[in-house]
Every structure is written in C-alpha cells, then in structure tokens.
Number of protein chains: 2
Amino acid sequence: MKNTIRKERKKEIISGMYELSRREGLENVSIAKIGKHLGMPPSLVMHYFPNKRLLILGLIDHILHQYQLIYKPIISKLENNPRVDPELLVERLFSREWNLLFDDGVFFSCYAFIFRDQSIKKEYKNLHVKLRVTLKNLLDKDEVLVSGDTGLLAEKIFVVIEGAYYYLSMMDEAREYDQKLELFKNQVYDLIYAEINRIQSGKGMYSSGG
Amino acid sequence: MKNTIRKERKKEIISGMYELSRREGLENVSIAKIGKHLGMPPSLVMHYFPNKRLLILGLIDHILHQYQLIYKPIISKLENNPRVDPELLVERLFSREWNLLFDDGVFFSCYAFIFRDQSIKKEYKNLHVKLRVTLKNLLDKDEVLVSGDTGLLAEKIFVVIEGAYYYLSMMDEAREYDQKLELFKNQVYDLIYAEINRIQSGKGMYSSGG
DNA sequence: TTTAATATTGAATGAATATTCAATAAATAA
DNA sequence: TTATTTATTGAATATTCATTCAATATTAAA
C-alpha cells in the first residue's frame, strides 16, 4: 500500500507531461507547467522526479510502452491463423487506427535524444528489436514461411514500415497520403510473396537470400 | 555590397547555432549562447533574427540545404553511365561518407518540428521529394529501367534508405550495424533486379507493378 | 561633407527556468 | 499511543531565457 500512491503519482505526472507535450511540444514543457496542469506545486513534481532528466526518461518509458502496447496486439491478433494472410497482415501493420492514441511528434522529439543519450538509445533499440521478434514469431507460424528466413523477412518488412511513416508524416493531402500508403503496402506484399516464391522454387533467381 | 555583410552575418549566426546544436543538443541552445559562441552580444543575434522562431527556421534551411548538398552529388556522379550499375548505386546511396559532415541528432530534432509547424513540414517534404526526383532522373538514364516505372522504383528505394537510417541510428556495435546495413542494401538490390526482371519478362509474376 | 541607413554595443527588462528548503499534513510502523 | 516515514505545500533561490532600447560606430548615398 505504501508504494501504491507513489507509483500512481508518478504515472499521473508522466501522463500529464505527455498530454502537455502533445499540445505544446516537448521543448515547451517545464516542471512548473506540468505542476500547474495537474494542480500540484512544482516541488511535488520534483519530489517524485528529482531532476528533469528523470522526467524525460519517464516520458520515454511511457511512450515506448504505449507504442508497444498498440503495436503488438495488431500483430498478435493474427496469431491464430495457420497461414499468414499477406493482405490482412499488411493491412494491420499499416493500420495506425491508433493514430489518435499516439503522438508522432512526441515520439520523434524523444527519438532525437538517442543521439545524445546512450541509455535512451538502448531503450529505443530494444523496442524496435522486440517488435521485429514479434513479427518473426508470427511469420514462423506460417507453414510455408517457416522454412524460410523469417527473421530476415521481418527486418525487411519493418524497415519499409518505419521508412514509410517517416515519409508519410510529411504528407498533408489525404489523397497523396493514401496513394503513397498503398505503394508501401504493395512493397511489403512483394517482400512476402517473393519469399514464398523463393521457398517454393528452391533457391530463388535473385539474391533475396542475404 | 550593402546586403553582403548582412547575408554573411546571418550565415555565420546559423552556422554557429548549428555547431552548438551538434555539441549540446538543439534544446539547450539559446540566443545568449549563440552570441557568446560567436563573440557577439545577443542583441546583435536578434538584430538579424528578430525572434527565436526565425532562428530555428534559419537552422532548418541550413540543414536541409546541407542534406541535399551531400546527397545529390552522390547520385549525380552516377549520371554519366549508360546503364545503372545497381551495386555501385546502392553502395553510393548507403555510403554516408558524409556522416562526419552531417549530424543526425540535429536533423531529427528539427524533423520533430514538422508535427507542429506547417511550413517546416513543407520544407522537409520538398527536400524528400526532390531527392526522389533526382534518383528517378538517374534511373531514367538506364536503357532498360527507363521503360519501367522509375518514379515508383525511386519511392521504393528511398523508403528503405530512410527506414534503414532511422533504424541504424539505434545501433551501437559496428558489427551489428554493418550486418544490418548489408541486409538493407540487399533489399534495394532486390528492388532494382525485380524491376529489371519485370520489364524484361513482360508482366511480372507478382504484383510489383503497383 | 552632410545625410541617412545599417551595424554593433551594452545595459536593462520581466518572465520563466530548474532546483532547494523548511514547514505541515497524512499515513504507516512500533 | 508515539515515533517515523512519506506526501504535500508554498515560499525562496539564483540563473537563464527571449526580448527591448538607447547610444554609438561604421558604411553607403546624396
């Protein structure tokens, strides 16, 4: 019971910080503003996070956790099927129904820290590796794909997804966005079909093996 | 002559700001620090950039210009050849010899602004579209590829490159970095070979056409 | 040379920054 | 109950922040 209130308060503070970052940008968030937003004095914020770096680390933990939380089930839901349906898989990987639940601005603001903070870099990496493993595990459940290099395939798929969202974030018009999105989806289809093809016809005709 | 000194001073200020951002992170750069770094009073900095937003816009202009400046020639150097050598092309696209000339930390710190500033978003997009056009133009010089969809191919290649650097920035060990890099290079090879294949065998066997 | 525009300086502003501290309130342990 | 730990408050700190202003120096135009 003793630690309960502490943990909850910390969560509350980080959540508040996240909301503020969404609205006003991480660079404009201060301890005083967080306190004001939550109706508590800044000294209480600092009681739980003795300096600002700890606050940022807390925020990043929160973001990465949330990122994983919305990403993984999208993949996991497909686990029951005996064969991977490429169309369904791609649809889900690119869904971002959760666009409303997740703020790319805050995500990338925090991402920029990996270049100055080793431990943040590790955290980011861990998450990205985890997601790849999750996808690999899913691919391994497919009776055909399992005999190929699913780890490699997962890497190739994710690099397209991540590159796609990096690029798509710059799009303004819905029409253009959708058009590009379609394009990148096709690119992932091709990866899957090429791998299936490679497996079924012995060694493939181009270097896809790695 | 009148505007010369003004332009040079502005350049000098932005360059100083960039150096500081590299060293200490964009979030830790202030007008006073820029002035101190360049041996001028903060009021002079503000004489040329009347508010901080203009400074940031200046920095972003600088970064994007530099980005383009090191990227484009990498592609353009290949323009003389009558056929695109995929191996050479990929080698160059992923070279990043310029890692020393360009700071990804500052780049991504600025990238994060696209989510809060429409005009910055446009600038970023323009650059990325330009690079794709440059690559498309290069691909168009290849006698085989020219009869395919070079625009589409350029998009597909760049999404891998950009996703790759996003992901590779999280790598610490040189060994792992190189291994992943190799993987993504292969992924781009495959795109090129698949397109050549598709062209030469009429309509391809899977959906690569888009 | 005189005039006008620009460049540069240095001091001053109030607001916001992260952080500290002592005091009190509440909860838990003895 | 008392003692001890934790939660919470509010005031105070020095520092840094972006920005302003008036004064001077330098340069270009008349």
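Cut-offs used in this document
Residues numbered from 1 in each chain as written. Chains lettered and ligands numbered in written order. Predicted model: local features only at pLDDT ≥ 70, side-chain atom pairs only at ≥ 80, totals over all residues. Heavy atoms only, no water. Helix = DSSP H or I, 4+ residues; strand = E, 2+ residues; numbered from the N terminus. Buried < 20%, exposed > 50% of the residue type's maximum accessible area, 1.4 Å probe, protein only. Contact = heavy atoms within 4.5 Å. Near = heavy atom within 4 Å. Polar contact = N/O pair within 3.5 Å; in protein donor to acceptor, adjacent residues only side chain to side chain. Nonpolar A, V, L, I, M, F, W, Y, C, P; charged D, E, K, R; others polar. 1 Å grid on protein atoms, 1.4 Å probe; cavity = no way out; pocket = protein on both sides within 12 Å on 5 of 7 lines; lining within 4 Å. Points joined across faces, edges and corners; volume = space filled by probe spheres on them. Domains from an automatic or database assignment.

S.K.: Break down the overall build of chain A for me, with residues and values.
M.R.: When helices and strands are counted, chain A shows 9 helices and 0 strands. Counting helices and strands in the order they occur from the N terminus, chain A gives α-α-α-α-α-α-α-α-α. Referenced to the eigenvectors of the C-alpha coordinate spread, the extents of chain A come out at roughly 65 × 45 × 30 Å. Buried residues in chain A amount to 52% of all 210 residues. Within chain A, contacts between residues separated by at least 24 positions form 69% of all contacts whose residues are at least 6 apart in sequence.

S.K.: A description of the protein's contact with DNA strand D should follow, citing residues and the corresponding values.
M.R.: As a matter of local geometry, DNA strand D sits amid 15 residues, with Ser 43 and Tyr 48 of chain A together with Ser 30, Ile 31 and Lys 52 of chain B nearest to it. A breakdown of the atoms of DNA strand D within 4 Å of the protein gives sugar and phosphate a share of 61%. Between DNA strand D and Lys 52 of chain B, the relevant distance is 2.9 Å, taken from a phosphate oxygen to a main-chain nitrogen or oxygen of the residue. Looking at the surface near DNA strand D, the elements that each hand over two or more residues are helix H1 (2-24) and helix H3 (42-48) of chain A together with helix H2 (31-38) and helix H3 (42-48) of chain B. Looking at the surface near DNA strand D, the element that brings in the most residues is H3 of chain A, giving 4 residues. Looking at the surface near DNA strand D residue by residue, the class counts come to 6 nonpolar, 5 polar and 4 charged.

S.K.: Tell me what's going on with the protein's contact with DNA strand C, and back it up with residues and numbers.
M.R.: Surrounding DNA strand C, one finds 16 residues, the nearest of these being Ile 31 and Lys 52 of chain A together with Arg 9, Ser 43 and Tyr 48 of chain B. When atoms of DNA strand C within 4 Å of the protein are sorted by moiety, sugar and phosphate together comprise 62%. In this structure, a phosphate oxygen belonging to DNA strand C sits 3.1 Å away from a side-chain N or O atom of Ser 30 of chain A. Here a base oxygen of DNA strand C and a side-chain polar atom of Ser 43 of chain B are 2.7 Å apart. Secondary structure elements with two or more residues in the surface near DNA strand C: helix H2 (31-38) and H3 of chain A together with helix H1 (2-24) and H3 of chain B. Looking at which element gives the most residues to the surface near DNA strand C, the answer is H3 of chain B, with 4 residues.

S.K.: Summarise the layout of surface pockets; cite the residues concerned and give the values.
M.R.: Its boundaries defined by the atoms lining it, the largest pocket holds a volume of some 930 Å³. Mapped onto the lining of the largest pocket, the elements with two or more residues apiece are H1, helix H4 (52-76) and helix H6 (104-111) of chain A together with H1, helix H4 (52-76) and helix H6 (104-111) of chain B. Of the volumes computed, that of the second largest pocket is approximately 280 Å³. Every residue lining the second largest pocket is listed: Lys 10, Lys 11, Ile 14, Ser 15, Phe 49, Leu 57, Gly 58, Asp 61, His 62, His 65 and Glu 123 of chain A. When residues of the lining of the second largest pocket are traced back to their parent elements, those giving at least two are H1 and H4 of chain A. For the lining of the second largest pocket, a count of residues per class yields 3 nonpolar, 4 polar and 4 charged. Residues from two domains meet in the lining of the second largest pocket; each of domain 1 (1-50) and domain 2 (61-200) of chain A gives at least three.

Honestly, it's all geometry; don't read function into it.
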